[in-house]
Amino acid sequence: MTSLLPQGFRDRLPPVADATARLEQAVLGAAFQHGYERADPALAEFEQGLAGRLKSATAQDAVRFVDPVSQRTLAIRPDITAQIGRIAATRMGHHPRPVRLSYAGPVLRLRASQLSPERELLQMGCELIGLDTVAAAAEIVGVAVEALEAAGVRDISIDFTLPDLVGVLARGPLPIDPAQIAALSERLDAKDAGGVAEIARAYLPLVEAAGPFEAAHHRLCAFDAGGALTSRLDGLWAIAQGLKGRVGLTLDPTERHGFEYQSWLGFSIFASGVRGEIGRGGTYTVVHEDGAEEAAVGFSLYADAIVAAGLGEIDRRRLFVPLGTDPALTAAMRKAGWVTVAALEAGDTPEAQLCTHLLAEGEPRAL
Ligand SMILES: N[C@@H](Cc1c[nH]c[nH+]1)C(=O)O
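How each quantity is defined
- Residues numbered from 1 in each chain as written.
- Predicted model: local features only at pLDDT ≥ 70, side-chain atom pairs only at ≥ 80, totals over all residues.
- Heavy atoms only, no water.
- UniProt positions renumbered as here; feature names shortened; annotations may be inferred.
- Helix = DSSP H or I, 4+ residues; strand = E, 2+ residues; numbered from the N terminus.
- Buried < 20%, exposed > 50% of the residue type's maximum accessible area, 1.4 Å probe, protein only.
- Contact = heavy atoms within 4.5 Å.
- Pairing = 2+ DSSP bridges.
- Polar contact = N/O pair within 3.5 Å; in protein donor to acceptor, adjacent residues only side chain to side chain.
- Axes fitted to C-alpha atoms, helices over the stretch in contact; angles between N-to-C directions.
- Parallel < 35°, antiparallel > 145°, perpendicular 65-115°, else oblique.
- Left-handed = near helix turned anticlockwise from the far one by under 90°.
- Nonpolar A, V, L, I, M, F, W, Y, C, P; charged D, E, K, R; others polar.
- Near = heavy atom within 4 Å.
- Areas by Shrake-Rupley, 256 points an atom, 1.4 Å probe, with all protein chains shown as cover.
- Expected span 1.5 Å × (residues − 1).
- Arc of directions from axis to C-beta.

Peer 1: Can you help me understand the UniProt feature "binding site: L-histidine" (unreviewed entry) in the protein in this one?
Peer 2: UniProt feature "binding site: L-histidine" (unreviewed entry): in the numbering of this structure it lies at D79, I80, T81, R109, Q123 and E127. Its location among the elements puts I80 in the loop between β4 (73-76) and α3 (81-89). The exposure class assigned to I80 is buried, which follows from its relative accessible area of 0%. Filtering out sequence-adjacent residues up to four positions away, I80 remains in contact with P41, Y103, A104, G105, V107 and Q123. Here Q123 lies in strand β6 (residues 120-129). For Q123, a relative accessible area of 0% corresponds to the buried category. Beyond its immediate chain neighbours, meaning those up to four positions away, Q123 contacts D79, I80, T81, Y103, A104, G105, V107, S300, L301 and Y302.

Peer 1: Help me out: how do you make sense of the pairing of strand β3 (residues 63-66) in this one?
Peer 2: Where a strand is regular, its side chains alternate between the two sheet faces. Strand direction decides the pairing type here: β3 and β4, joined by four bridges, are antiparallel. Across the sheet, residue V63 finds its bridge partner in β4, namely I76. What sits between the antiparallel neighbours β3 and β4 is a turn of six residues, in which Q71 has the positive phi angle 65°.

Peer 1: Whenever I open this one, unusual backbone geometry confuses me. Can you help?
Peer 2: When glycine is set aside, most residues are seen to have a negative phi, and most peptide bonds are trans. Omega for the bond connecting P14 with P15 falls within 30 degrees of zero, at 0°, which places this linkage in the cis form. Residue P98 is bonded to the preceding R97 through a cis peptide linkage, with omega at -5°. Its location among the elements puts P98 in the loop between α3 and β5 (99-108). Here S56, not a glycine, exhibits a phi torsion of approximately 75°, which is positive. Along the chain, S56 turns up in the loop between α2 (47-51) and β3. A positive phi angle, close to 55°, is found at K191, a residue other than glycine. Relative to the elements of secondary structure, K191 occurs in the loop between α6 (181-189) and α7 (193-199).

Peer 1: Help me understand the side chain of E294 in this model?
Peer 2: Within the secondary structure, E294 is located in strand β12 (residues 293-302). Owing to a relative accessible area of 12%, E294 belongs among the buried residues under this scheme. Within the local environment of E294, its side chain forms a polar contact with the side chain of H288, the two groups lying 2.8 Å apart.

Peer 1: It is not clear to me how the packing of helix α1 (residues 16-33) against helix α4 (residues 134-150) should be interpreted in this structure. Could you clarify?
Peer 2: Geometrically, a packed helix pair is captured by the angle between its two axes and the distance between the axes. Between α1 and α4, the least distance of the axes is 8 Å, while the angle of their chain directions is 135°. Here α1 lies oblique to α4, going by the angle between them. The crossing of α1 and α4 is right-handed. Each of A26, V27, A30 and A31 in α1 lies in contact with α4, whose residues at this interface are V143, E146, A147 and A150. Looking at the contact of α1 with α4 residue by residue, the class counts come to seven nonpolar, no polar and one charged.

Peer 1: It is not clear to me how the site of the ligand should be interpreted in this structure. Could you clarify?
Peer 2: Close to the ligand lie 14 residues, the nearest being D79, T81, R280, S300 and Y302. Within the side chain of E127, one N or O atom sits 2.9 Å away from a nitrogen atom of the ligand. For the ligand, an oxygen atom lies 2.7 Å from a polar atom in the side chain of R280. Protein contacts shield 97% of the accessible area of the ligand, which totals 300 Å² for the unbound molecule.

Peer 1: Help me understand the environment of G266, please; the structure alone is not making it clear to me.
Peer 2: Tracing the backbone shows G266 in strand β10 (residues 266-271). Take G266: its relative accessible area is 0%, and that puts it in the buried class. Along the chain, G266 and D159 lie 107 residues apart, while their C-alpha atoms are 8.4 Å from each other. Here G266 is in contact with D159, F160, T161, P163, F259, G281 and G282, once residues within four sequence places are set aside.

Peer 1: For this particular structure, what's the right way to read α1?
Peer 2: An α-helical segment advances 3.6 residues per turn. Residues three or four places apart therefore align on the same side. In this model α1 runs 26 Å from its N-terminal to its C-terminal C-alpha over 18 residues, within 8% of the 26 Å that 1.5 Å per residue would give. When α1 is considered as a whole, its buried residues turn out to be A19, T20, L23, E24, V27, L28, A30 and A31. Buried residues along α1 cover an arc of 155° about the axis, so they all sit on one side. Among the exposed residues of α1, those pointing more than 90 degrees away from its buried face are Q25, F32 and Q33.

Peer 1: Where do I start with the sheet that holds strand β2 (residues 44-46) in this structure?
Peer 2: The strands that make up a sheet are held in pairs by hydrogen bonds between backbone atoms, and each pair lies either parallel or antiparallel. The strand order β2-β4-β3 describes an open sheet built from three strands, whose pairing is antiparallel. The open sheet has two edge strands with one neighbour each: β2 and β3. Pairwise comparison of adjacent strand axes, ignoring direction, gives a mean angle of 35° for this sheet. As paired strands, β2 and β4 are joined by three bridges and run antiparallel to one another.

Peer 1: What is the right way to read the sheet that holds β5 from this model?
Peer 2: Read from one edge of the open sheet, nine strands run β1-β5-β6-β12-β11-β10-β7-β9-β8, paired in mixed fashion. Looking at which strands have only one partner, the edges of the open sheet turn out to be β1 (37-38) and β8 (211-212). Pairing between β8 and strand β9 (residues 248-251): two bridges, direction antiparallel. In the strand pairing of β9, G211 is matched with L251. Contacts from α1 reach β1, β5, β6 and β12 within the one sheet, and its direction differs from that of β6 by about 0°.

Spelled out as structure tokens, the structure:
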């Protein structure tokens, strides 16, 4: 046997599994305090219901199978956001707007991305359905930051992007052949100046626009000759002002990676010491059963990257309780917050039980 699990899958063992559960609790606890109540969508659902739920979402990266019971194709969720959209549009369709929901659970990807080899990930987040205003987006970004802070993550930075930027410019002040929008977006995302120039020279300043937030924002404002981007740029500025000094802020207006269905606003979340992003979010459109569209905004965090970097982890203190100790004393220790590990045999040792402390003469002693 070469490996126990397929590529991209792994078991979470102690202390990682506990750290992950604590992280989830801290994040959802912070969200709950902002009025985001938890929804727990199904692990799999009809592929049709999932694929078309968010406007502009292309064929999802979902693992599919034919359900022997319904004889229909089911998809295992690759992203919980679309499921929350479905719930808000259907069973909670009559709920007053905006609807605020949180979630946490495993998602499954057909293929791993270049950046992360994992195919099963723990995704957690919040979605606000019914609004995609500056106030709504500012709340969502603020909750994401607060949730991460509550989980012990420090040195957070946020990279904003304008996912529909090229489309807006192409349909407005800087027209290009609609068939070339995708190619142009790709080259801008790759910062391929030569490739951009081949399609439309007018877009070249966007290659240079990325960087620290304020400077990048000024460059974009100067570029925005026709005023087509004014409302987006003003909104972005207002959102960033609320975070200034608290988190690092950058702006990369043509970043497209991972932003498939987001509309006017997108953002990636980073933390120092973690390779790659730990979360993403933005505004998007939920499509109802009757075709009606509804604005929304949300964020998702990926727990494994955070835990792997040792962030969000709490001290692992374990108190070894020798054989024959009064159970009432052990119970009092737990009440005082200790993790107690009882010896069950005479030869047992604190070392064997990975303990950091020993209960001796009624007191915990550090080892
Ligand atoms: N679910 C998206 C992020 C998102 C949440 N809400 C809106 N966007 C992702 O994981 O990339």
